[in-house]
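Read off the chains here:
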Amino acid sequence: MTRPFALLAGAFAMTLALASAPPVSAKTTAAPLPAATRIDIPTDTGSVRITLRAANVVHLSALVDGKSPARSMVLDPAFTSVPTGAGEATTALTLASPQVQVRYDRIAHSLSIADAQDHVLLHIADVSALAHGKLSLGHAAGDPMYGVSGYDAFTNDVSAGMLRTGKLEAKAGEQGWAGAPLAWSTAGYAVLADIGGGHFTLAHDDITVAATNKQPMDVYVIVGAPKAIFAAVAELSGHTPLFPKWAMGFTNSQWGIDQQELLQIVDTYRAKHIPIDNFTLDFDWKAWGEDDYGEFRWNPAKFPDGPGGALAEELRARGIQLTGIMKPRLHVDTVEGRYATEHHFWVPGEKVSDDYFSHKPVRNIDFDIPAARTWFAGLAMKYGFDQGMVGWWNDEADTTGSDTEFMNMQRALYEAQRAQSKLRVWSINRNFWLGSQRYAYGLWSGDIDTGFASMAGQRARMLSAINVGAMQWGMDGGGFNGHPSDENYARWVQFGAFTPIFRVHGTFNEKREPWLYGPVAEQAATAAIRLRYALIPYIYSYEYARHVGGVGLVRPLLFDWPHDPKLANDVNSWLFGDWLLVSPVVQQGQTEKTIYLPAGTWIDWFSGKSYAGGQTVTLAIDALHWSDIPLFVREGAIIPTQPVQDYVGQKPVTEVSIDAFPTDQRTSFGYYDDDGSTYAYEHGAYFRQSLSLQQHGDTVTFTTALPEGSFRPALRSYLLKIHGYAAQNVSLDGKPLATQADTAGLQGATTPGWASGHDRFGAVTWVRLPAGKSVTITLHERR
């Protein structure tokens, strides 16, 4: 294409807007800009406007008749535009913030984007191509690239891991696929296109974005490390609402069940004290195939107490939340089917097909139609939510070829439930397109096979999904197709305990309860589930951290060590929160495992053995009892735990234990809690207390800040465990604390105090201190 710049020489102008940019939302964390600044570059169809949307976000927009392209579903509708009032013309050719430098070259008609150190990250030779739905951005040769696309359930070859190269379709996909019009690099930048589908070509030194419709498009360039990139993506595309607190626990899903068996299973979990919070029902709960809204209502033959909500009430009394499957299709020759036909709610051009379960004709609802969403979700509320279903397992809305069908299906349920209830929305869905996360949207990896090879492949699937923004990810623990061996089941539960959404599931009449896989597997699986429940305070704090900062509980190691080449494609291990590194066993009969530990000092959670980072270590693996999970604590860690309960909220938690591993660098942890079930946290009803830790020679200080928020939990004290130190004396705000002879005396006390001794990590000092107050604990080590 002939560049328009020669024809429009001298027409270039940079406009400095006079009004300051407002915050994009109440959650905005980016540093404010002193003013809204922009560069307008003429094109043959209008102009390209370059704007700093935040301190690390450059917005490139192709304007036609002064108007930006229509937004896609990728961008949050609540994202606030920068004012574009008339401004003062200037000959300056740069935009700058403390984090980014943007320069336009009038002679070469090119644009460069550099970081705070003025290191050029991206170079755009032809900005005007945006007007035709395309943009190429040059970068340093060999920059590792991530994002754009994931894997579906049936892709056997996941050897590419997380790295991405070549021509990739940005799509929602099918069967666990996660996609986004987002490519990013640990070299310090990301490219987010506001398009409803298209292609990214990731070459050795170039990124090319092409929209499907070749229409003018908007592109956002984000500068920063991975965490900063995903914080900006959350601002642009939308923050994730919190899941209910029970969703931090364990879910058993089953296809092929009735009320009697359901209650027997739940009672067995409780009798064995195997923690569980959620039971998810497949087709069985519905009157599927029957007229008069059978796709939405309970099957009274299988679940006589389902209609009216008595069964859900009975299960809630046992601490079980009831969730159920939803399908996007309706039977055509029914009351509801005829209504959909009359109102033109079907997916356009889709033919009637026979349903594989009812063997009756069905069609899919087009959830891109607002009226269809309202109608469908209203029925789901009437027959499902109002009668006890408190979560949605949305299945099979990934077959229509639409990137937004699944997103809008869950959007319908999210908006309907929020309109009528204070209870938080929970869902899992079978694909992901960026923007879905706004609607309490979890992703599961589809109808995967059983077996060790399939389980091992879930690591790349999970981390690749996270790399496109699908932070709430889970899988069918044990595999969907087939029956896992006892060992495979045990190892899969251990893996699942360290994923964001922890659940098991199988195909029709496949059962996934731990006691069905023999005593050895049951013991190993139970231990993993109980460890998950001990970590609930830690896990829930990251639920909130993801909500405000865009980065979830699980993230690849390269998020924290972006410049370590050994981590560029490491799917063997991942971070579970900031302070735990996990590397589950995924091979049958494995007797040892090699694990690369990043820079720092790492401590084996179970043995207490310390390892220097920056090296590969080899651990012995228990191939007989499957009792071990390779799990390491990062030096500087602050890890809150609580007594294991049979379900979340079974008893008020009045004391939380905190394992602390001090280093000479100050570290911190944001302890978080709220009512666990409503959206009151959006209005300030939460408890968030910053906990800080630092070593100074023979002295360790632990500080608690004044809590934020109006919520007051049952929590009254922290039982602090400072590992590696046997204190000679301990003070609270400069005043000596009373010592106890042993931990038994300390645990029975009601006032602050301390004791010292040893545990698996070595020397340890225990300190009881008040929660919810600003205090400083100082330990002087005994030498």
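Residues numbered from 1 in each chain as written. Predicted model: local features only at pLDDT ≥ 70, side-chain atom pairs only at ≥ 80, totals over all residues. Heavy atoms only, no water.

Participant: Explanation requested: the sheet that holds strand β47 (residues 762-770) in the structure shown.
Facilitator: Backbone-to-backbone hydrogen bonds join strands into a sheet, with any given pair of strands oriented parallel or antiparallel. Reading across from one edge, β38-β39-β43-β47-β46 is the order of the five strands in this open sheet, with mixed pairing throughout. The strands lining the two open edges of the sheet, one partner per strand, are β38 (638-641) and β46 (753-759). Each strand axis lies, on average, 25° off the axis of its neighbour in the sheet, ignoring direction. Of the strand pairs in this sheet, β46 and β47 are connected by seven bridges, and their pairing is antiparallel. Counted as the bridge partner of Trp754 is Val767 from β47. (Pairing = 2+ DSSP bridges. Helix = DSSP H or I, 4+ residues; strand = E, 2+ residues; numbered from the N terminus. Axes fitted to C-alpha atoms, helices over the stretch in contact; angles between N-to-C directions.)

Participant: Before we go on, may I ask you to explain the sheet that holds strand β42 (residues 699-704) in this structure?
Facilitator: Pairing in this open sheet of six strands is antiparallel, and the strands run β40-β41-β42-β48-β44-β45 from one edge to the other. In this open sheet, the two edge strands, each paired with only one partner strand, are β40 (667-673) and β45 (735-736). Note that strand β44 (residues 727-732) and β45 share two bridges and pair antiparallel. Residue Ser731 lies in a different strand from β45, and its bridge partner there is Pro736.

Participant: Is there a simple way to explain the nonpolar core in this structure?
Facilitator: Among soluble globular proteins, nonpolar side chains are generally buried collectively. Grouped together as the largest cluster of nonpolar side chains are 226 residues, with contacts concentrated most on Ile50, Leu60, Leu262, Leu281, Ile365, Phe498 and Tyr718. Beyond its immediate chain neighbours, meaning those up to four positions away, Phe498 contacts Leu531, Arg532, Leu535, Val554, Trp574, Phe576, Val582, Ile629 and Leu631. Core analysis: the second largest hydrophobic core is formed by 13 residues, Leu575, Ile595, Trp602 and Phe632 among them. (Core = buried A, V, L, I, M, F, W, Y, C linked by side-chain atoms within 4.5 Å. Buried < 20%, exposed > 50% of the residue type's maximum accessible area, 1.4 Å probe, protein only. Contact = heavy atoms within 4.5 Å.)

Participant: I tried to follow the side chain of Thr251 on my own but got confused; where do I start?
Facilitator: Topologically, Thr251 is positioned in strand β18 (residues 250-254). Take Thr251: its relative accessible area is 5%, and that puts it in the buried class. There is a polar contact of 2.9 Å between the side chain of Thr251 and the side chain of Asn278. With residues up to four places along the chain from it excluded, the contact list for Thr251 reads Asn278, Thr280, Phe502, Arg503 and Val504. (Polar contact = N/O pair within 3.5 Å; in protein donor to acceptor, adjacent residues only side chain to side chain.)

Participant: What am I meant to see in the pairing of strand β39 (residues 655-660) here?
Facilitator: One face of the sheet, then the other: side chains in a regular strand alternate in exactly this way. β39 sits mainly inside the fold: five of its six residues count as buried. With six bridges joining them, β39 and strand β43 (residues 717-723) adopt parallel strand pairing. Directly across from Ser657, in β43, lies its bridge partner Leu719.

Participant: Any chance you could explain the pairing of β18 here in plain terms?
Facilitator: Counted residue by residue, β18 has five buried out of five residues, so it is predominantly covered. With burial as the criterion, each face of β18 is covered, one bearing Phe250, Asn252 and Gln254 and the other bearing Thr251 and Ser253. Of the pairings in the sheet, the one linking β18 to strand β29 (residues 502-504) comprises three bridges and is parallel in character. In the sheet register, Thr251 faces β29, and the bridge partner there is Arg503. Two strands pair when backbone bridges link them, and β18 and strand β19 (residues 278-281) are joined in this way by four bridges, in the parallel orientation. What sits directly across from Thr251, in β19, is Asn278. Following the backbone out of β18, through helix α2 (residues 259-272) and into the adjacent parallel β19, one traces a crossover that is right-handed. (Right-handed = clockwise from strand over helix to strand, strands pointing away.)

Participant: Help me understand the packing of helix α7 (residues 452-466) against helix α8 (residues 486-496), please; the structure alone is not making it clear to me.
Facilitator: Packed helices, taken two at a time, are described by the angle between their axes plus the distance between the axes. Running from N to C, α7 and α8 point in directions that differ by 15°, and their axes come no closer than 10 Å. The angle between α7 and α8 places the two elements in the roughly parallel class. With respect to the hand of their crossing, α7 and α8 are arranged in right-handed fashion. Contact residues: α7 offers Phe452, Ser454, Met455, Gln458, Arg459 and Met462, while α8 offers Glu487, Asn488, Arg491, Trp492 and Phe495. A per-class count over the contact of α7 with α8 returns five nonpolar, three polar and three charged. (Parallel < 35°, antiparallel > 145°, perpendicular 65-115°, else oblique. Left-handed = near helix turned anticlockwise from the far one by under 90°. Nonpolar A, V, L, I, M, F, W, Y, C, P; charged D, E, K, R; others polar.)

Participant: Hey, could you run me through helix α4 (residues 335-342) in this one?
Facilitator: It helps to recall that an α-helix has 3.6 residues per turn; residues three or four apart then point in one direction. Listing the buried residues of α4 in full gives Glu336, Gly337 and Ala340. The buried residues of α4 occupy an angular sector of 100° when the element is viewed end-on, so they sit on one face. Contacts made by the buried residues of α4 are with β21 (329-331) and α5 (370-383). Among the residues trailing α4, His344 stands out with phi positive, at a value near 60°. (Arc of directions from axis to C-beta.)

Participant: Honestly, the packing of aromatic side chains in this entry has me stumped. Any pointers?
Facilitator: Geometrically, a pair of aromatic rings is defined through the distance of the ring centres and the angle of the planes. Tallied over the entire structure, the rule returns 44 aromatic pairs. Residues Trp184 and Phe230 carry aromatic rings whose centres are separated by 5.5 Å and whose planes lie at 85° to one another, so their mutual orientation is edge-to-face. One end of the pair, Trp184, is in strand β13 (residues 178-185); the other, Phe230, is in helix α1 (residues 226-237), with 46 residues separating them in the sequence. We classify Phe230 as buried; its relative accessible area is 1%. (Phe/Tyr/Trp six-rings, centres within 6.5 Å; stacked < 30°, edge-to-face > 60°.)

Participant: Just to check I follow, could you spell out the environment of Ala131 for this structure?
Facilitator: Of note, Ala131 is situated in the loop between β9 (120-124) and β10 (134-138). In this structure Ala131 comes out as buried when scored by relative accessible area, which is 7%. On a C-alpha basis, the gap between Ala131 and Pro216 in space is 4.2 Å, while along the polypeptide they are 85 residues apart. Every residue in contact with Ala131, bar those within four places of it in the chain, is listed here: Thr43, Thr45, Ala62, Gln215 and Pro216.

Participant: Before we go on, may I ask you to explain the packing of α5 against helix α6 (residues 405-420) in this structure?
Facilitator: Running from N to C, α5 and α6 point in directions that differ by 60°, and their axes come no closer than 9 Å. Considering the angle they form, α5 stands oblique to α6. Taken as a pair, α5 and α6 cross one another with a handedness that is right-handed. Taking contact as the criterion, the partners of Arg373, Phe376, Ala377, Ala380 and Met381 in α5 are, on α6, Asn408, Met409, Arg411, Ala412, Leu413, Ala416, Gln417 and Gln420. Along the lines of polarity and charge, the residues of the contact of α5 with α6 split into eight nonpolar, three polar and two charged.

Participant: I'm lost on α7 in this one. Help?
Facilitator: Across its 15 residues, α7 extends 22 Å between first and last C-alpha, which sits within 8% of the 21 Å expected from 1.5 Å per residue. Burial runs high along α7: 14 of the 15 residues are buried. (Expected span 1.5 Å × (residues − 1).)

Participant: When you look at the environment of Leu580 in this model, what are you seeing that I'm missing?
Facilitator: With respect to the element layout, Leu580 can be found in strand β32 (residues 580-582). In this structure the C-alpha to C-alpha distance between Leu580 and Ile639, which are 59 residues apart in sequence, comes to 8.8 Å. If we ignore the near neighbours within four places in the chain, the residues touching Leu580 are Leu535, Tyr538, Trp574, Leu575, Trp605, Leu631, Phe632, Val633 and Ile639.

Participant: Which parts of the structure should I look at to understand the pattern of salt bridges?
Facilitator: Two side chains bearing opposite charge may form a pair once their charged atoms approach each other closely. Applying the stated rule across the entire model yields 33 salt bridges. Here Arg411 and Glu415 are joined by a salt bridge, their closest N and O atoms 3.2 Å apart. One end of the pair is Arg411 and the other is Glu415, both in helix α6 and four residues apart, which spans about a single turn. Linked through salt bridges whose partners overlap, the residues forming this network are Lys327, Arg329, Asp355, Asp395, Glu396, Asp398, Arg430 and Asp447. (Salt bridge = Lys/Arg side-chain N within 4 Å of Asp/Glu carboxyl O.)

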